[in-house]
Amino acid sequence: MRQIAFREALREAMNEEMRRDDRVFVMGEEVAEYNGAYKVTQGMLAEFGPKRVIDTPISELGFTGVAVGAAQHGLRPVVEYMTWNFAVLALDQILNTASKMLAMSGGQLGCPIVLRGPNGSAGQLGAQHSTAFESYFANIPGIKVVSPSNGYDAKGLLKQAIRYEEDPVIFMESEVMYGDKSEVPEEEYYIPIGKADVKKEGKDVTIVSYNKMMKVALGAAAELEKENISAEVIDLRSIRPLDWHTVLESVKKTNRLVIVEEQWPMCSVSSELAFRIQKEGFDYLDAPVRRITSADAPMHYAPNLAALAIPDIARTIKIVKEVMYIKK
């Protein structure tokens, strides 16, 4: 094992798969000459050349369409967006072509494509660059949605997506995590998409999260431990398929569930997960399922207002104590 940055883990995943399979190529804005807007693709142009690491015009609809067409003709494209906020311009290609073609062609024409880039808020970027899109894309049948929280998971899941997945994979990262370091093995490994991971075992309450909100979930669990409250923390990793079975097994043990996510509250990932757990695990719950989400409003530019809008450790601890009926 060695400590490497999140961006390096992603780069290793793409490099390894491109060396293994010459059908894999990367395209997006500034991925080649500039080494990537977030330096995820650094050095890849020098190794693989301009036919496999391709700088595109500033036209998400256009280059996503090119990649979707390439995938349908036997190649395995990896598309990088500067932010998923810009990818809404390509929603027609994702929703009406990539996700539906296998069904519309009677199974004759697949679309093995990976669409990746940063998602959610990342400091003072304003409302138009700060939306979390997991639930938007998870609502679409025919695609898979991945949202990892650390470099180990990111590398294994990205390699899985590039090599084995025949469906389109939406791969959502976070700008504020690209420099985060985690332990990643040197030997090759893959992580199946659709399996949550128990990051910390506990017995009193289950806390579920994904992506950068895992820092909040684990931080809250660490603080609760100081008060002799044992929280089990689960990282969903995959939003579609959603591994609610792992969450249910945890709730059978803890009897309480708190969900922490960066989505807006309406029709969010936590909405679906809360429904699944109350439907299948109602008899195990000793308190209502609770959640903490971003504020139901566009993200502010002002840092103090942005901090109020996003889930934090203090509010998570407060909700955990409420489901445990601990009075101040």
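Above this text you will find the structure in question.
Please read these numbers as outputs of a predicted model, since none were measured by experiment. (Residues numbered from 1 in each chain as written. Predicted model: local features only at pLDDT ≥ 70, side-chain atom pairs only at ≥ 80, totals over all residues. Heavy atoms only, no water.)

(A) Fine view of the overall build of the chain. Along its length, the chain carries 13 helices and 14 strands. The globule rule puts the C-alpha radius of gyration for 328 residues at 20 Å, and the 20 Å found for the chain is close to it. Its C-alpha atoms give the chain principal-axis dimensions of about 60 × 45 × 40 Å. For the chain, buried positions account for 57% of its 328 residues. Long-range contacts, defined here as pairs at least 24 residues apart, represent 82% of the contacts in the chain between residues at least 6 apart. Summed over its atoms, the accessible surface of the chain is roughly 14100 Å², and 54% of this surface lies on carbon and sulfur atoms. Within the chain, the 45 negative side-chain charges are centred at a point lying 3 Å from the centre of the 38 positive side-chain charges. (Helix = DSSP H or I, 4+ residues; strand = E, 2+ residues; numbered from the N terminus. Rg over C-alpha atoms; globule rule 2.2 N^0.38 Å. Buried < 20%, exposed > 50% of the residue type's maximum accessible area, 1.4 Å probe, protein only. Contact = heavy atoms within 4.5 Å. Areas by Shrake-Rupley, 256 points an atom, 1.4 Å probe, with all protein chains shown as cover. Lys, Arg positive; Asp, Glu negative; His and termini not counted. Charge placed at Lys NZ, Arg CZ, Asp CG, Glu CD.)

(B) Representation of the side chain of Arg76 within the structure. Residue position: Arg76 is located in strand β4 (residues 76–80). Overall, the relative accessible area of 5% leaves Arg76 in the buried class. At 3.3 Å, the side chain of Arg76 forms a polar contact with the side chain of Glu166. In contact with Arg76, other than residues within four places in its own chain, are Asp21, Arg23, Val24, Phe25, Pro112, Ala161, Ile162, Arg163, Tyr164, Glu165 and Glu166. (Polar contact = N/O pair within 3.5 Å; in protein donor to acceptor, adjacent residues only side chain to side chain.)

(C) Representation of the environment of Glu232 in the model. If you trace the backbone, Glu232 turns up in strand β11 (residues 231–235). Exposure remark for Glu232: the relative accessible area of 4% places this residue in the buried category. Sequence separation between Glu232 and His300 is 68 residues, and the spatial gap between their C-alpha atoms is 32 Å. Here Glu232 is in contact with Val198, Lys200, Glu201, Gly202, Val205, Thr206, Ile207, Ser250, Lys253 and Thr254, once residues within four sequence places are set aside. Within the structure, Glu232 has its side chain in polar contact with the side chain of Ser250 (distance 2.8 Å). At 2.6 Å, the side chain of Glu232 and the side chain of Lys253 are in polar contact.

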